[in-house]
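Single-letter residue listing:
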Amino acid sequence: MDVRQLSAIVAIADHGTFSAAARALYTVQSNVSAHVSRLEKELGVTLVDRTHGGLTDDGARVVERARRVLNEIDDIAADMTSRHANVSGQTRLGVIGTTARWLMPALLNRLSHDHPNVRAIVQEGSTSSLVPNVVSGDLNAAIVHLPVDDPELVVEPLFAEDLLLLVADTHPLADRDTVEFKELDDMSLLLPPTGSALRRVLDRAAATNRIHLRAQAEIDGARLMASLAFDGFGAAIVPATAVPTWLTGSFRRITVPGLPRRVVATVRRRRPSASAPTLATLNTLRSVVEEQGEEQPGVHLETSAFLNARPG
């Protein structure tokens, strides 16, 4: 088993066919086919369904592990290239959508200035999808919201963020500026999925206040919840940055004093240690947040905000 064989099977997974994989690897189809055949012979299994196309179940399992191996090889090369002052290489960074909207432009601009030889590969997703990818090594780090309980991860808070109630102008609460948390008892709401990080924060707060949050629908994505609220589908509890200040339309932001804040944090694996490009990116990220975070409505940088908002 060698790197060329692993690269070939991963390329087939990513591009669908032997010919497309060959183009992605800048080689010929016969080379890709030979590498995969040797890997299948060594492992004693069929990795590619040559009749119907795509990977077999065994192929999918091999690809999952092969990606980790190839990512680790990239990280080793990046660390060795970055032994001196100039950090070089790539980092794979995940980010939740609401934070990505305001933070990624500033981060990528600063990173290109401070570390021009670092290439960031950014993947947007929900906390529930990003955290497993960090644990598996598919991502080097991610910006997510707490709680995150995995002991394999290093968790470092970035900022706390207000939650608010978002409704269309046609909603019965649209004439209100403020609604008490207890008024949401048994009201139909657009909520994050049960068990997700943000839903756990909300359910814990509801239990403390002895109210029941009733889900009209469960939506995995704050920006999608906001869009549905804009369209009048229902009232949604969303982070403040899900509704940019420049956005106008037939909707209303409503303050709910009893709602907790959510804490946004970075996560990365404890072992192996983060690569030099990843550490450079995370340090740059923290500087950008410190400089621009408080310009975002509803974002709080003081340490007390983390302590008060972070779920136990």
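Described below are features of the structure shown in this document. (Residues numbered from 1 in each chain as written. Predicted model: local features only at pLDDT ≥ 70, side-chain atom pairs only at ≥ 80, totals over all residues. Heavy atoms only, no water.)

**Remarks on the overall build of the protein**
We count it as follows: Here a helix means four or more residues in a row that DSSP labels H or I, a strand means two or more in a row labelled E, and each is numbered from the N terminus. Three labels apply to residues, based on accessible area from a 1.4 Å probe with only protein chains included: buried if under 20% of the type maximum, exposed if over 50%, partly exposed otherwise in between. Throughout, a residue-residue contact means that at least one pair of heavy atoms, one from each residue, lies within 4.5 Å. For every accessible area listed, the method is Shrake-Rupley and the probe measures 1.4 Å; residues are considered covered only by the protein chains on display. Here the positive residues are Lys and Arg and the negative ones are Asp and Glu; neither His nor the chain ends is included. Each charge is placed at NZ for Lys, CZ for Arg, CG for Asp and CD for Glu.
Scanning the protein from terminus to terminus reveals ten helices and eleven strands. Referenced to the eigenvectors of the C-alpha coordinate spread, the extents of the protein come out at roughly 70 × 50 × 35 Å. Counting the 312 residues in the protein, one finds 48% classified as buried. Within the protein, counting contacts between residues at least 6 apart in sequence, those at least 24 apart form 74% of the total. Accessible surface computed for the protein: about 15300 Å², of which carbon and sulfur atoms make up 49%. Placing the 32 positive and 37 negative side-chain charges of the protein at their respective mean positions leaves the two points 4 Å apart.

**With respect to the packing of aromatic side chains**
Rules: Pairing of aromatic rings covers Phe, Tyr and Trp, the last counted by its six-membered ring, and requires centre-to-centre distances within 6.5 Å; plane angles under 30 degrees mean stacked, over 60 mean edge-to-face, and any other angle means tilted.
Applying the stated rule across the entire model yields two aromatic pairs. Relative to F251, the ring of F230 lies with its centre 4.6 Å away and its plane at 45°, an arrangement referred to as tilted. Of the two residues, F230 sits in helix α8 (residues 222-230) while F251 sits in strand β9 (residues 251-254), which places them 21 residues apart along the sequence. On the accessibility criterion, F251 (12% relative accessible area) is buried.

**Re the sheet that holds β9**
Stated precisely, the cut-off is as follows: Strand pairing is assigned whenever DSSP detects at least two bridges linking the two strands. In this analysis, axes come from line fits to C-alpha atoms, helices being fitted only over the stretch in contact, and the angle between any two N-to-C directions falls in the range 0 to 180 degrees.
The mixed open sheet is built from five strands, whose spatial order is β7-β6-β8-β5-β9. Each edge of the open sheet carries a strand with a single partner, namely β7 (214-218) and β9. With strand direction ignored, the average angle separating the axes of adjacent strands in the sheet is 35°. Here α8 sits on the sheet in contact with β5 (163-168), β6 (188-191), β8 (235-239) and β9, set at roughly 145° to β8.

**Overview of the packing of helix α5 (residues 97-114) against helix α9 (residues 276-292)**
Put simply, the test is: Our angle categories are set so that under 35 degrees counts as roughly parallel, over 145 as roughly antiparallel, 65 to 115 as roughly perpendicular, and the remainder as oblique. Here is the rule for handedness: rotate from the far helix to the near one, and if that takes an anticlockwise turn smaller than a right angle the crossing is left-handed, while a clockwise turn gives right-handed. Here the nonpolar group is Ala, Val, Leu, Ile, Met, Phe, Trp, Tyr, Cys and Pro; Asp, Glu, Lys and Arg are the charged ones; every other residue, Gly included, is treated as polar.
Closest axis-to-axis distance for the α5/α9 pair is 9 Å, and the angle between their directions is 120°. By the angle between their directions, the pair α5 and α9 is classed as oblique. As for the relative orientation of α5 and α9, their crossing is right-handed in sense. When α5 is examined against α9, the residues W102, L103, A106, L107, R110 and L111 are found in contact with a partner set consisting of A280, T281, T284, L285, S287, V288, V289, E291 and Q292. Here the residues of the contact of α5 with α9 are counted per class, giving nine nonpolar, four polar and two charged.

Without other data, these values stay purely geometric and don't point to any function.
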